[in-house]
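Fold and contact review
What follows is the residue order along each chain.
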Amino acid sequence: MTQLKVLVIDDERPALDELTFLLGRDPRIGEVRGTDSATEALRVLQAEEVDAVFLDIQMPGLTGLDLAQVLSRFRTPPPVVFVTAHEEHAVAAFELRAVDYVLKPVREERLAEAVRRVVEAGGPAPSGDVQIPVERGGVTRFINRSEITHVEAQGDYARLHTAEGSHLVRTPLSSLAEQWASAGFVRIHRSVLVALPHVEEVRSEGGRVSVVVGGTELPVSRRHTRELRSVLTRRDATGSP
C-alpha cells in the first residue's frame, strides 16, 4: 500500500506536536506535515496535494469548520479528520463529509481507527448519506442519518431514534431542524422532528393529527399541522421521497 501524506493543523503547539508524533508512528503514514495556522495550511493545500487533513476546530481566525468548508470546494477534496476537545460540533463536521471525529485527549488506537477510515475514503465514493457519531459507554459508533425515524428534544441535547434504539447527541433540536431540512426532516411539534421517508401513516381524529414512524405514533401540534400537510402534498405530487 502506498503510504499516506497528511497535513496536521492545530493552533496549540503541544497538541500539534503530539498528533504529528502519533501519526508518524503509524506504518500507513509516510509523511506528516504540521502547522499551527489554518491560513498557512490553506496555502500549503493550494500548492500541493495531501492524502488527508487532520485539524482542530476551535482556532483563531479561520476555524477548522471554516477550513473544511473551503476544502469541500476543491476539485478533489482531501479526506478530513477533525481532532478536537469539543464534541458539540460533531453534527456540523459530518455535514461537511468529515471522515472521522476524534476527541482529545487522543488515544493512539483511536487515531489508528481514523487512519483506517482515511484509507477507506480513498475507495468508492459514499452514497451521499451522512454518518452521525454517537457515544455509548465511552465508545463512538456511527449511524446513517437515513436510518433515523424521528428526533426528540431533551434540553440542549437531541435524542435520535432508529429501528434499533435511540442515541443522545449534544446538539439542540433547532440546529438539526435547520441542518436536516433538505434531507426530509420536518418539525411536527416544538420538540419533535420526523423523517418523511419513515412516515407510515397520517392519522386524523377529532381534529387531532398524528403520524406513525417506525411503529410509533407521534402527535402533531396544531401549529405544525398545516405545514406537515403541505409538505406531504408536495411529496405526493412530485413522487419524491
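As recorded in an unreviewed UniProt entry, the chain goes by the name Response regulator transcription factor, listed as coming from Nocardioides eburneiflavus.

1. Things to note about the pattern of salt bridges
Inspection of every chain in the model, using the stated rule, returns 19 salt bridges. Between Glu95 and Arg145 there is a salt bridge, with the nearest N and O atoms lying 3.0 Å from each other. Note that Glu95 is positioned in helix α4 (residues 90-95) and Arg145 in the loop between β7 (139-144) and β8 (150-154), a separation of 50 residues in sequence. Between Glu217 and Arg203 there is a salt bridge, with the nearest N and O atoms lying 3.0 Å from each other. Of this pair, Glu217 sits in strand β15 (residues 216-220) while Arg203 is found in strand β13 (residues 199-205), placing the two residues 14 residues apart along the sequence. Through salt bridges that share partners, Asp100, Arg110, Glu113, Arg116, Arg117 and Glu120 make up one connected network.

2. With respect to the nonpolar core
Judged by nonpolar contacts, the single largest core of 41 residues is most densely connected at Phe82, Val151, Leu160 and Trp180. Looking at which element gives the most residues to this core, the answer is helix α2 (residues 38-47), with 5 residues. Residues lining this core come from more than one domain, with at least three contributed by each of domain 1 (4-122) and domain 2 (146-238). With near-sequence residues (within four places) excluded, Phe82 lies in contact with Leu55, Ile57, Gly64, Leu65, Ala68, Ala93, Ala98, Asp100, Tyr101 and Val102. Membership of the second largest hydrophobic core comes to 19 residues, among which are Val6, Leu22, Val83 and Val102.

How each quantity is defined
- Residues numbered from 1 in each chain as written.
- Predicted model: local features only at pLDDT ≥ 70, side-chain atom pairs only at ≥ 80, totals over all residues.
- Heavy atoms only, no water.
- Salt bridge = Lys/Arg side-chain N within 4 Å of Asp/Glu carboxyl O.
- Helix = DSSP H or I, 4+ residues; strand = E, 2+ residues; numbered from the N terminus.
- Core = buried A, V, L, I, M, F, W, Y, C linked by side-chain atoms within 4.5 Å.
- Buried < 20%, exposed > 50% of the residue type's maximum accessible area, 1.4 Å probe, protein only.
- Domains from an automatic or database assignment.
- Contact = heavy atoms within 4.5 Å.

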